[in-house]
Amino acid sequence: MRDVLVLGAGMAGVGAALHLQSRGWTVALVDRSAPGSETSYGNAGIIQGEAVEPYAMPRDLATLFAIALGRSNDVHYDVRALPHHVGPLLRYWWHSSPRRHRRASEVYAGLIAHATAEHDALIGEAGAANLVDRGGFRILYRTARAMDAAAAAAERLRARYGVRSQPLSAATLSALEPALKVTGEGAIHQLDAWSIRDPGRLVAAYAGLFRRRGGSLVRGEAETLTRTATGWAVRSADGPVEASAAVVALGPWSPELLRRFGYAFPMVRKRGYHRHWRSGRGLNLPLMDAANGYVMAPMVQGTRITTGAEFAAPEAGGMPVQLLRAEAAARELVDLGAPRENTPWIGTRPCMPDMLPVVGEAPRHRGLWLHFGHGHQGFTLGPTTGRLLAEMMSGTPPFVAPLPLRPGRY
Ligand SMILES: Cc1cc2nc3c(=O)[nH]c(=O)nc-3n(C[C@H](O)[C@H](O)[C@H](O)COP(=O)(O)OP(=O)(O)OC[C@H]3O[C@@H](n4cnc5c(N)ncnc54)[C@H](O)[C@@H]3O)c2cc1C
């Protein structure tokens, strides 16, 4: 019998559930909250068709000193929390050598190449086209030196991977985004990306499609996962739910559950914040302010500012240092207006040290499949790696090579 419990209804879980369903599996999608209400809700909403190279850990001394001294808004850390992070960070450092990063990028680019097409199919079927802008996003540079370096990097990505982008002068940027008061030295317009005006609502629309096709959405607690004589079971609000297979797609919560089954996945947990502002005249497309490490995106809820990586203790409360700095920098660019929420949203990017997601069967547990660790691009990649997982589980030839993503590498 092809039946499966998919644990976690973020973009990774919903993406896998839809692909399993279309290959004939009976799927129960289990979450303790509504679909798309955690990390897949709070992100910058960019389907990053341009993100062919995953974020490596900086290894040059100037950048490391800037981070250590708190001068970069890309990264913030609480020194007392570092013991929680040091193991995964050392492995991240090792994997970030130019040679290893190049190898990871080849794999990553092979996944990213499918991202917009995989979303396109689901957006069409889910009737969610109203949430999508296919016009890309822009990265603003405040100095000529930064703009020149970005143009050279963009040209390198075009030559190597075919990533399409266009340098924009300050005057062109101003004409395209009349809300901008400052346009710096111009921007790089990333043309292969799409943006979503409410990321959580896109996941909810995909979950709606899953339900219309006959899938069941179950409120349940993944921590109750147990092995049964014939497969796997969890407790739900309506009693136990069982299936022959289970998929762990719990984003940043995945390693916690898997620890109970004897697995120690070294996740690099990069927290990020967002908040919405009631801007009068907003931007047309998302804008990254490269010098200040944030993205400002036009959303249904207002202008959403999302921040870079923060290393905090596991249950630490909010320290919105980066968000305050980002707000100050964003106010130079646009009229932000008043914030919508009293307290910023906090989430965690589930990054793996080798910058690649974990996709495949658990090495020591038959029928337990893993689908997490999508880092900075899980909103982009959920449907793509969901398809790969479904193909592997169904015994059909995988459309991309699964070996570099196998769970057994940890
Ligand atoms: C600030 C920020 C900006 C980002 N911007 C982008 C971007 O522009 N583009 C992009 O591609 N990616 C972006 N990302 C990354 C992206 O958001 C994540 O990689 C992605 O959302 C992870 O999806 P997921 O389904 O794995 O996890 P989640 O969306 O977190 O889903 C996990 C699900 O598991 C459920 N769950 C957890 N524990 C339990 C339990 N015990 N029982 C039952 N259910 C449970 C949760 O309720 C949740 O629904 C960003 C991330 C952050 C933080």
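The rules behind these values
Numbering of residues begins from 1 in every chain and follows the order in which that chain's sequence is written. Given that this is a predicted model, residues contribute local features only at a pLDDT of at least 70 and side-chain atom pairs are listed and counted only at 80 or more, while totals for whole chains, interfaces and linings are drawn from all residues. By convention in this description, side-chain values take in all heavy atoms of the structure and omit both hydrogens and water. Residue proximity to a molecule or strand is established when one non-hydrogen atom of the residue lies within 4 Å of it. Each polar contact in these results corresponds to two N or O atoms within 3.5 Å; when the atoms are within protein, one needs to be able to donate a hydrogen and the other to accept it, and residues that are neighboring in sequence are counted only if both atoms are side-chain atoms. Only DSSP runs of H or I reaching four residues or more are called helices, and only runs of E reaching two or more are called strands; each is numbered from the N terminus. Amino acids outside the nonpolar list (Ala, Val, Leu, Ile, Met, Phe, Trp, Tyr, Cys, Pro) and the charged list (Asp, Glu, Lys, Arg) are all regarded as polar, and Gly is one of them. UniProt positions are given in the numbering used here, feature names are shortened, and annotations may be inferred rather than shown by experiment. The pairing criterion for strands is at least two bridges between them, as found by DSSP. Between N-to-C directions, angles cover 0 to 180 degrees, with each direction set by a line fitted to C-alpha atoms, over the stretch in contact for helices. In what follows, a contact means two residues having at least one pair of non-hydrogen atoms within 4.5 Å. For Phe, Tyr and Trp, where Trp contributes only its six-membered ring, two rings pair if their centres lie within 6.5 Å, and the inter-plane angle classes them as stacked under 30 degrees, edge-to-face over 60, or tilted in between. When a residue's accessible area, from a 1.4 Å probe over protein chains only, is under 20% of the maximum for its type it is buried; when over 50% it is exposed; and in between it is partly exposed. Think of it as a cone above the ring: NZ of Lys or CZ of Arg counts as a charge over the ring if it is within 6 Å of the ring centre and within 35 degrees of the ring normal. We call a set of buried residues a nonpolar core when its members are Ala, Val, Leu, Ile, Met, Phe, Trp, Tyr or Cys and they connect through side-chain atoms within 4.5 Å of each other. Handedness of a crossover is defined as follows: orient the strands so they point away from the viewer, and if the path from the first strand over the helix to the second runs clockwise, the crossover is right-handed. Given a helix with a known number of residues, its expected span is that number minus one, times 1.5 Å.

Topic: the site of the ligand
Part 1: Taken together, 35 residues lie near the ligand, and D31, T39, S40, E221 and T380 sit nearest.
Part 2: In the model, an oxygen atom of the ligand is placed 3.2 Å from a nitrogen or oxygen of the M11 main chain.
Part 3: At 2.6 Å, a side-chain N or O of D31 approaches an oxygen atom of the ligand.
Part 4: Among the elements of the structure, helix 1 (11-22), helix 2 (39-42), strand 10 (216-227), strand 17 (302-307), strand 19 (345-351) and helix 12 (378-394) are those that each provide at least two residues to the shell around the ligand.
Part 5: Residue classes in the shell around the ligand are distributed as twelve nonpolar, 17 polar and six charged.

Here's the deal with the UniProt feature "domain: FAD dependent oxidoreductase" (unreviewed entry) in the chain
Part 1: Per the UniProt annotation, the sites labelled "domain: FAD dependent oxidoreductase" (unreviewed entry) are residues 3-392.
Part 2: End C-alpha atoms of residues 3-392 are separated by 15 Å, and the span's content is 35% helix alongside 26% strand.

Focus: the sheet that holds strand 11 (residues 232-236)
Part 1: Strands sit in the order 12-11-10-2-1-13-21-20 across an open sheet of eight strands; the sheet is mixed. In this open sheet, the two strands that pair with only one neighbour each are strand 12 (239-243) and strand 20 (358-361). The sheet shows a mean angle of 35° between the axes of neighbouring strands, taken without regard to direction.
Part 2: Two elements, strand 10 and strand 11, share four bridges in a ladder whose sense is antiparallel. Across the sheet, residue G220 finds its bridge partner in strand 11, namely S236.
Part 3: Across the sheet, helix 1 lies against strand 1 (3-7), strand 2 (26-31), strand 13 (245-248) and strand 21 (368-372), angled at about 170° from strand 2, the strand it touches most.
Part 4: Across the sheet, helix 9 (residues 199-212) lies against strand 2 and strand 10, angled at about 95° from strand 10, the strand it touches most.

Thoughts on the packing of aromatic side chains
Part 1: Overall, the coordinates contain five aromatic pairs when judged by the stated rule.
Part 2: Summarising the aromatic geometry, the rings of W232 and F261 are spaced 5.8 Å apart at their centres and angled 65° between planes, so their arrangement reads as edge-to-face. Residue W232 is located in strand 11, and its partner F261 is located in the loop between helix 10 (254-259) and strand 14 (268-277); the two are separated by 29 residues in the primary sequence. Each member of the pair, W232 as well as F261, is classed as buried.
Part 3: Here F265 and Y410 contribute two aromatic rings whose centre-to-centre distance is 6.1 Å and whose plane-to-plane angle is 70°, an arrangement assigned as edge-to-face. Here Y410 lies in the segment after helix 12 and F265 lies in the loop between helix 10 and strand 14, a separation of 145 residues in the sequence.
Part 4: Cluster of aromatic residues (ring-pair linked, three or more members): Y263, F265, F372 and Y410.
Part 5: When the ring centre of W253 is taken as origin, the NZ or CZ atom of R32, which lies over that ring, is 5.4 Å away.
Part 6: The ring of F399 is capped by R387, whose NZ or CZ atom sits 3.8 Å from the centre of that ring.

Some words on the nonpolar core
Part 1: Core analysis: the biggest nonpolar cluster contains 52 residues, and V4, L20, L202, Y206, V247 and M393 have the highest contact counts within it.
Part 2: The element that contributes the greatest number of residues to this core is helix 1, accounting for seven residues.
Part 3: In contact with V247, other than residues within four places in its own chain, are V4, L5, V6, L7, L20, W369, H371, L389 and M393.
Part 4: Formed by 26 residues, the second largest nonpolar core is a distinct cluster that contains V241, V248, M267 and A362.

Let's talk about the pairing of strand 2
Part 1: Among the six residues of strand 2, five are classified as buried, and the element is accordingly described as predominantly covered.
Part 2: In terms of strand pairing, strand 1 meets strand 2 through five bridges, oriented parallel. When the bridges of strand 2 are listed, L5 appears paired with A28.
Part 3: Note on the crossover from strand 1 through helix 1 to strand 2: the handedness is right-handed.
Part 4: For strand 2 and strand 10, the ladder comprises four bridges, and the chain directions are parallel. Bridge pairing links A28 to S216 in strand 10.

Here we look at helix 5 (residues 98-112)
Part 1: Across its 15 residues, helix 5 extends 20 Å between first and last C-alpha, which sits within 8% of the 21 Å expected from 1.5 Å per residue.
Part 2: Those residues of helix 5 that fall on the buried side of the exposure criterion are R100, H101, A104, S105, Y108, A109, L111 and I112.
Part 3: Those residues of helix 5 that are buried are in contact with helix 4 (82-95), helix 6 (115-126), helix 7 (144-161) and helix 12.

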